[in-house]
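Take a look at the letters that make up each chain.
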Amino acid sequence: MSLLEKTPRTTRPAAPAAAREPRITDEHGRRVRPGELVLRYLLLLVVLALTVGPFLWQLSTSLKGPTEDIFSSPPSFFPAHPTPHNYERVADTIPVWDYALNSLKVASANVVTNCAGSALAGYALARLRYRGRRATTLVFVLAMLVPVEGIVIAQFTTMRELGLNNTLIGVVLPGAVGAMNVLLMRNAFRGLPYEIEEAAYVDGADAWQRFLRVALPSVKGTLAVVAIFAFMGAWDDFLWPLIVLSDPDRFTLTIGLNYLHGTFANDERLVAAGTVIAVAPLIALFACLQRYFFRGVGEGAVKG
């Protein structure tokens, strides 16, 4: 045996795990430098302040009493003596809960029609084979390019000919199925493996059974996205209800809150309370469906 083989090899002791420098990586496994990480968080904080800040300021203003100055310099973000009196004044000034009920009816109907219509149309565009499918898809894409203001007169004339002016049905009907929602569902259905439906077809399932039992349960996330978009679009819509509705008893919440700006233009507390009432249902809806919302964005982005 040689001298080298007799000599025991000395190995450098491994550094303890606690002494190792922590490695920060992104979603792709690439290392992120500390300066870049700080910059990302700063940008996120700026975006958070720009998006959430106005709502928090309105909430703070709505809770301030009549003796508290809301235009002080520097501004006071937290109310000194929070009070819900402004919300009571909104209900005393306008029938806000009746307007909210009308908006809820319109938004709920819009969610049902968009989810059902978009799912059916998206499945037909993605999974069925028929002549003219590409042209039909192109029509939905072109429909997204048409501004609402360009067709509002034609919509109003159509509702008048149908006798649906000054009705909540007339508010719902033009937005019953949105082109963007149809394309979202189409992309989600295209991302499903064809082998699943082929297996169902071999088992004797027809098109309706494959749609209801195989395809639709697999795209519940995108369906939640469509529901959120449809509810927000109907709840926040101001122009079309203002044109088609003339009876104050049928006004939606966005139109009814406009009276607060006209009659009490100098009382920003009242306007802020009405704004919070209008935004609260949207926050509650997104809080309930956020898990499906983020999953649905991924479903719709699998294939174009």
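Everything in this summary refers to the structure shown in the same document.

What counts as what
Residues numbered from 1 in each chain as written. Predicted model: local features only at pLDDT ≥ 70, side-chain atom pairs only at ≥ 80, totals over all residues. Heavy atoms only, no water. Core = buried A, V, L, I, M, F, W, Y, C linked by side-chain atoms within 4.5 Å. Buried < 20%, exposed > 50% of the residue type's maximum accessible area, 1.4 Å probe, protein only. Helix = DSSP H or I, 4+ residues; strand = E, 2+ residues; numbered from the N terminus. Contact = heavy atoms within 4.5 Å. Salt bridge = Lys/Arg side-chain N within 4 Å of Asp/Glu carboxyl O.

## Some details on the nonpolar core
Within the largest apolar cluster, 47 residues are counted, with the highest numbers of intra-cluster contacts made by Val90, Ile94, Phe189, Trp235, Leu253 and Leu260. If one sorts the elements of this core by residue count, helix α4 (residues 96–127) sits on top with 10 residues.

## Details of the environment of Leu104
Tracing the backbone shows Leu104 in helix α4. Judged by its relative accessible area of 41%, Leu104 is partly exposed. Not counting residues up to four positions away in its chain, the partners in contact with Leu104 are Phe231 and Trp235.

## A short note on unusual backbone geometry
Unusually for a residue other than glycine, Asn166 sits at a positive phi of about 60°. Take Asn166: it is sitting in the loop between α6 (148–161) and α7 (168–172). On the accessibility criterion, Asn166 (18% relative accessible area) is buried.

## Observations regarding the side chain of Gln155
Here Gln155 lies in helix α6. Filtering out sequence-adjacent residues up to four positions away, Gln155 remains in contact with Pro174 and Trp240.

## A closer look at the pattern of salt bridges
Summed over all chains, the structure comprises three salt bridges. Between Arg127 and Glu197 there is a salt bridge whose closest N-O contact spans 2.6 Å. Here Glu197 lies in helix α9 (residues 194–202) and Arg127 lies in helix α4, a separation of 70 residues in the sequence. For the pair formed by Arg127 and Glu197, the shared burial category is buried. Residues joined in a network through salt bridges with shared partners are Arg127, Glu197 and Arg210.

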